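Spelled out, the chains give:
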Amino acid sequence: MTCVGCEKVWNEKLQTHVFHGITLALKGPLLGIYTLLKWRSMETVKQLTQAYSITPWRKQLRVIGLFLMGLVMASSVAVVYLGVSARTVAVGSQIQSMMDDIERMRRSNADLETTLAFLTSNSVMEARAREMGFRPARADELVYIEVPGYVSRREAVLAPPPGLQSVETTPFSPDYSESLLDWLRANALRQGLLGEVQP
Amino acid sequence: MNANVNNSILSDRQNWRYNVLALIFLFVSVLLVGQVIRIQISPTAKVFKNQGDNWLGYYRTIMPARGFIYDRWGRIFAGNTMVYEVGVELKEVANPETIARTLSTVLGRDYQRYFASASMQYSLDPENMAVYIVLENNITQEQKDQIDIIKEDIKDYSDRRSKDAKPPSLRGLVIRPQLQRSYPEKELGSNIIGFVNANGEGYGVEKHFHHLLAGNPLTVWVPLDPNKVTDIPDYPKGTSIVLTLSRELQAAMEKVVDDAIESTGSESATIVVMDPVNGEILAMATTPRMDLNRYSEYAQIFTGSTPFNRAVSQSYEIGSVFKIFTMAAALDSGTVTPETVFTDTGVFEVGGIYIRNWNGGAWGPQTMQGCMQHSLNVCMTWLAVEMGANRFYHYMDAFGFGRATGIEISGEDRGRLKMPGDSDWFMSDLGTNSFGQALAATPVQMLMGASAIANEGRMVAPHIVRSTITNGNQYNTPVQVVGTPISRDTAITLTDLLVDSLEKESSDALVEGYRLAGKTGTAQIPTPFGYSSSETNASFIGWGPVDDPRFLVYVWLEKPKTSIWASIVAAPIFAEAVKELVVLMNIPPDHERLQMSMTRNSQ
């Protein structure tokens, strides 16, 4: 029985099998090599890992060390901050206390001025003068003599006239209110570092 | 192998616990943050914020110290002394009985009142708010010291016997310092200085300048956080005032006033001394006076309608002193000259009434000097009629009558001058006004008008403030020339005429060595039934030395008893005042002044 076209089919199948055979022939060793290499490298990594691995207590120590370092740094910052804050608070408290002192002294000054005025009032001075044997002079008892250059009694000048302006002062030095940035800016400007062009 | 497994299990368990713990912390943290956010965005956030802000600080109102009042030489007339306010912080009170007993012992006041106040229940209820109660306002330093000693004693006692059920304690008792107005000169110048009460009502310069003296209250934010302490702005104290008064002159004039009342039996006496060149009031003495430190006694001293300062607040019918203005107007308008002769028949009809002289007599031919010397009402009426009403009142208006002078003392009376056109003015008023009747003026108005005559025509406004001290600067009050109602020549002519009148009359107002000008005035006092014949206002106005006037003095005696005539009671008082003035103001007699001036010019 003759099969028309069977030969062609058979040939194609044969070609396919041959191709697979060749492929297998080639793949088998490569896979082997690959597997071998993979095994070798894992072994190497394992060996390396084992060789260089750190013991758990070392790891903990490192973590603790890092934590402590952070803690020390934070504490240092906190200590500095607290120190500065405490000083600021102390100074602030002193300022408040001084302001109260100023108030107290103002009151005290007013009180002393008025007490002095009581002690030198007209009635008191007159009584003292009489006790000392003085009496008011009469017009006919007076002798007038012209004294060259004599400056007669002047009326009270208790404050400067408005033309003479006193320098305004503040109880606080700029050191207490000036920030570092302000200081730098002021000094840099003074030295022309910021390059402001003067006309 | 087992160990590894166990370790692994332990590790897993630990991890699980750590994770749970972490979750709890996370949960709590989220809750906290969530709550914070919820509070921030809740409707009550504003309330919380306000409550929080209350603890950041507080607003403090600073009341500046009241300005001082000085005399022209810088002596204090009104100052401030330290006193203490006593109060109780009800929340802190531990033993009200101790507080009440201590205060009643030291201050000598009612125990029950203190006890009731200190026992009150602390309450923040807006309707029955009871937080702090003031018990006393002005206790002295000595009283405060006594309370402090008791406080120490009680503290020791409490330390020793702390087991008592309710140990004695002054907890809650608060003593705060404050300034109180004080007047070192007490009665001296009291009618000028005056006072103000807590409501700002009062008298004198204190009242007139109350707002200036008190200064502006300053409200500042005081942070409780010392980190945020801020500079309290430098607030000025109230304006201080330097008066034109001289303490010595004031004391001397007050003594003259007191002596005058004693010697004449007058109901009251007033002397005002002004510098006629610049209008400065050098002294203003009147009665009654009071110790300003005890201003609560005001009502007992100033009874009825008694004015606080008669020189400023009480106008009266001036009488013949006013004739200087009629004569000034007549001379200045050219109606007469000093040599013009008027024949006095003893009576003059004007507006339907008959004007007579003070003694009812006819004085025959008189020059203008004679008219002034004898103070003839008939002559003055004739002058006013000759001038005509319009011209006469134009001059009186120019002299400032009927208007306040503007002196810086509260309660100034503007007087009364009826003018043609007023519903109550009649032609007869022209006659009576010419010799000082049917009009009213204050001593200060009289001084202002007379300054034009003494000061060569320049009329100056009387003022009591020499300078003010505000914001650290002293501002002087400028001289205010308020007009020139008469010419320089008229002023000089009239002054000479008045000098001659005094000298020819041999007036008791004369002072040896000094050339003075002046005029007496005896004014009957109007009553509902006509003018009183037994009661008068005796006045005198004069100035000197006439070639270089340094003082202008007004004397007013109300209802003198020894004599109704000003020439007898008021003129000597003027002389007494001048004798004091020339000593205290260092004014040498005329001949010595002339000699010194000549020596100076020859050098």
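This text goes with the structure placed above it.
Since this is a predicted model, take the numbers as computed values, not measurements. (Residues numbered from 1 in each chain as written. Chains lettered and ligands numbered in written order. Predicted model: local features only at pLDDT ≥ 70, side-chain atom pairs only at ≥ 80, totals over all residues. Heavy atoms only, no water.)

### Focus: the overall build of chain A
Right, on to step 1. When helices and strands are tallied, chain A shows four helices and zero strands.
Right, on to step 2. From first element to last, N terminus to C terminus, chain A shows the α and β order α-α-α-α.
Right, on to step 3. The proportion of buried residues among the 199 residues of chain A is 9%.
Right, on to step 4. Total accessible area computed for chain A in this model is approximately 17600 Å², and 66% of it derives from carbon and sulfur atoms. (Helix = DSSP H or I, 4+ residues; strand = E, 2+ residues; numbered from the N terminus. Buried < 20%, exposed > 50% of the residue type's maximum accessible area, 1.4 Å probe, protein only. Areas by Shrake-Rupley, 256 points an atom, 1.4 Å probe, with all protein chains shown as cover.)

### Comments concerning the side chain of B:Ser333
Residue and element names in this part refer to chain B.
Right, on to step 1. With respect to the helices and strands, Ser-333 occurs in the loop between helix 12 (323–332) and strand 10 (342–344).
Right, on to step 2. A distance of 3.2 Å separates a polar atom in the side chain of Ser-333 from the backbone oxygen of Ala-330.
Right, on to step 3. Ignoring sequence-local partners within four residues, the contact set of Ser-333 consists of Met-387, Arg-391 and Tyr-395. (Polar contact = N/O pair within 3.5 Å; in protein donor to acceptor, adjacent residues only side chain to side chain. Contact = heavy atoms within 4.5 Å.)

### Describing the interface of chain B and chain A
Right, on to step 1. The interface of chain B with chain A comprises 53 residues on the first partner and 46 residues on the second.
Right, on to step 2. Summing the contributions of chain B and of chain A, the shared interface buries around 3900 Å²; its carbon and sulfur component is 58%.
Right, on to step 3. Where B:Arg72 meets A:Glu155, a salt bridge forms, and the shortest distance between an N and an O atom there is 2.7 Å.
Right, on to step 4. The interface formed by chain B and chain A holds 13 residue pairs in polar contact (both at pLDDT 80 or more) in total.
Right, on to step 5. Broken down by class, the residue content of the side of chain B that touches chain A amounts to 27 nonpolar, 13 polar and 13 charged. (Buried area = accessible area lost by both parts, 1.4 Å probe. Salt bridge = Lys/Arg side-chain N within 4 Å of Asp/Glu carboxyl O. Nonpolar A, V, L, I, M, F, W, Y, C, P; charged D, E, K, R; others polar.)

### What about the sheet that holds strand 18 (residues 517–527) of chain B?
Residues and elements named next belong to chain B.
Right, on to step 1. If you walk across this open sheet you meet the five strands as 9-8-20-19-18, and the pairing is antiparallel. Both outer strands of the open sheet, strand 9 (281–286) and strand 18, are each paired with one neighbouring strand and no more. Between one strand axis and the next, the sheet turns by 10° as a mean value, whatever way the strands run.
Right, on to step 2. Alignment of strand 8 (residues 268–274) against strand 9, held across five bridges, turns out to be antiparallel. Residue pairing for strand 9: Met-274 is matched across the bridge by Ile-281.
Right, on to step 3. Sitting on the sheet, helix 18 (residues 488–505) is in contact with strand 18 and strand 19 (530–544), with an inclination near 80° to strand 18.
Right, on to step 4. Packing of helix 19 (residues 566–584) onto the sheet brings it into contact with strand 8, strand 18, strand 19 and strand 20 (551–558), and relative to strand 20 it is tilted by some 140°. (Pairing = 2+ DSSP bridges. Axes fitted to C-alpha atoms, helices over the stretch in contact; angles between N-to-C directions.)

### Things to note about the nonpolar core
Residues and elements named next belong to chain B.
Right, on to step 1. Counting 93 residues, the largest nonpolar core has Leu-243, Met-284, Phe-325, Met-368, Met-446 and Ile-464 as the members making the most contacts within it.
Right, on to step 2. For this core, the element with the most residues is helix 17 (residues 443–454), which contributes eight residues.
Right, on to step 3. Leaving out residues up to four positions away in the same chain, Met-368 has contacts with Met-327, Val-336, Thr-337, Pro-338, Thr-340, Phe-342, Cys-379, Trp-382, Leu-383 and Leu-497.
Right, on to step 4. One finds Ala-252, Tyr-514, Ala-575 and Met-585 within the second-largest nonpolar core, a separate group that totals 39 residues. (Core = buried A, V, L, I, M, F, W, Y, C linked by side-chain atoms within 4.5 Å.)

### What to know about the pairing of strand 9 of chain B
Right, on to step 1. Of all six residues making up strand 9 of chain B, six are buried, and the element is well covered by its neighbours.
Right, on to step 2. Where strand 8 of chain B folds back onto strand 9 of chain B in an antiparallel hairpin, the turn is made up of six residues, including B:Gly279, whose phi is positive at roughly 80°.

### Things to note about unusual backbone geometry
Residue and element names in this part refer to chain B.
Right, on to step 1. Following Thr-287, the chain continues to Pro-288 via a peptide bond in cis, the omega torsion being -5°.
Right, on to step 2. Among the secondary structure elements, Pro-288 is positioned in the loop between strand 9 and helix 10 (298–301).
Right, on to step 3. Positive phi values are uncommon outside glycine, yet Glu-456 reaches one of about 55°.
Right, on to step 4. By the secondary structure assignment, Glu-456 is in the loop between helix 17 and strand 14 (459–460).
Right, on to step 5. Take Glu-456: its relative accessible area is 41%, and that puts it in the partly exposed class.

### Quick word on the state of the cysteines
All names here are of chain B.
Right, on to step 1. Scanning all chains against the criterion turns up one disulfide over all chains.
Right, on to step 2. Paired by a disulfide, Cys-371 and Cys-379 hold their sulfur atoms 2.1 Å apart. Disulfide Cys-371-Cys-379: the torsion about the S-S bond is 90°, which places it as right-handed. Just as Cys-371 is buried, Cys-379 falls in that class too. (Disulfide = S-S within 2.5 Å.)

### Considerations on the packing of helix 9 (residues 247–264) of chain B against helix 19 of chain B
Residues and elements named next belong to chain B.
Right, on to step 1. Viewed as axis vectors pointing N to C, helix 9 and helix 19 meet at an angle of 155°, and their least axial separation amounts to 10 Å. One way to sum up the angle between helix 9 and helix 19 is to call them roughly antiparallel. Where helix 9 crosses over helix 19, the handedness of that crossing is right-handed. Mapping the contact onto sequence places Glu-248, Leu-249, Ala-252, Met-253, Val-256, Ala-260, Ser-263 and Thr-264 in helix 9 and Val-569, Ile-573, Glu-576, Ala-577, Glu-580, Leu-581 and Leu-584 in helix 19. (Parallel < 35°, antiparallel > 145°, perpendicular 65-115°, else oblique. Left-handed = near helix turned anticlockwise from the far one by under 90°.)

### Side note on a nonpolar patch on the surface
All names here are of chain B.
Right, on to step 1. Together, Trp-16, Val-20, Leu-21, Ile-24, Phe-25, Phe-27, Val-28, Leu-31 and Leu-32 give the surface a local cluster of nonpolar side chains, amounting to about 940 Å² of exposed area.
Right, on to step 2. Along the polypeptide, Phe-25 turns up in helix 1 (residues 2–41).
Right, on to step 3. Residue classification places Phe-25 among the exposed residues on the basis of a relative accessible area of 56%. (Patch = residues over 30% accessible without salt bridge, like charges linked within 9 Å, V, L, I, M, F, W, Y side chains within 5 Å.)

### Re helix 12 of chain B
Right, on to step 1. With nine of ten residues buried, helix 12 of chain B lies mostly within the body of the structure.
Right, on to step 2. Following helix 12 of chain B by one or two positions, B:Gly334 has its phi on the positive side, about 80°.

### Examining the environment of A:Arg106
Right, on to step 1. Inspection of the secondary structure puts A:Arg106 in helix 2 (residues 56–119).
Right, on to step 2. Through-space distance from the C-alpha of A:Arg106 to that of A:Val157 is 21 Å; in sequence the pair is 51 residues apart.
Right, on to step 3. Residues contacting A:Arg106, with those up to four places away along its chain left out, are B:Asp234 and B:Tyr235.

### A few points about the pattern of salt bridges
Right, on to step 1. Enumeration according to the criterion identifies 36 salt bridges over all chains in this entry.
Right, on to step 2. In this structure, A:Glu126 engages A:Arg130 in a salt bridge whose closest nitrogen and oxygen atoms are separated by 3.2 Å. Here the residue A:Glu126 and the residue A:Arg130 both occupy positions in helix 3 (residues 122–131), the gap between them amounting to four residues, near one helical turn.
Right, on to step 3. For B:Asp259, the salt bridge identified is with B:Lys255, shortest N-O distance 3.2 Å. Pair noted here: B:Asp259 and B:Lys255 are both in helix 9, with a separation of four residues, about one helical turn.

### Focus on the packing of aromatic side chains
Residue and element names in this part refer to chain B.
Right, on to step 1. The final tally for this structure, using the stated rule, is 22 aromatic pairs over all chains.
Right, on to step 2. Consider the rings of Phe-68 and Tyr-70, whose centres lie 6.0 Å apart with planes at 40°: the pair is tilted. Taken as a pair, Phe-68 and Tyr-70 share a single burial class, namely buried.
Right, on to step 3. Plain terms: the ring middles of Phe-392 and Tyr-393 are 5.0 Å apart, the flat faces sit at 85° to each other, and that makes the pair edge-to-face. In this structure, Phe-392 and Tyr-393 share a single accessibility class: buried.
Right, on to step 4. The ring centre of Trp-73 lies 5.7 Å from the NZ or CZ of Arg-72, which sits over that ring.
Right, on to step 5. A cation sits over an aromatic face here: Arg-176 above Tyr-132, 4.5 Å from the ring centre. (Phe/Tyr/Trp six-rings, centres within 6.5 Å; stacked < 30°, edge-to-face > 60°. Lys NZ or Arg CZ within 6 Å of the ring centre and 35° of its normal.)

### As for helix 17 of chain B
Residue and element names in this part refer to chain B.
Right, on to step 1. The first and last C-alpha atoms of helix 17 sit 16 Å apart over twelve residues, in line with the 16 Å expected at 1.5 Å per residue.
Right, on to step 2. Where helix 17 is concerned, the buried positions are Pro-443, Val-444, Gln-445, Met-446, Leu-447, Met-448, Gly-449, Ala-450, Ser-451, Ala-452, Ile-453 and Ala-454.
Right, on to step 3. Immediately beyond the C-terminal end of helix 17, within one or two residues, lies Glu-456, with a positive phi of roughly 55°. (Expected span 1.5 Å × (residues − 1).)

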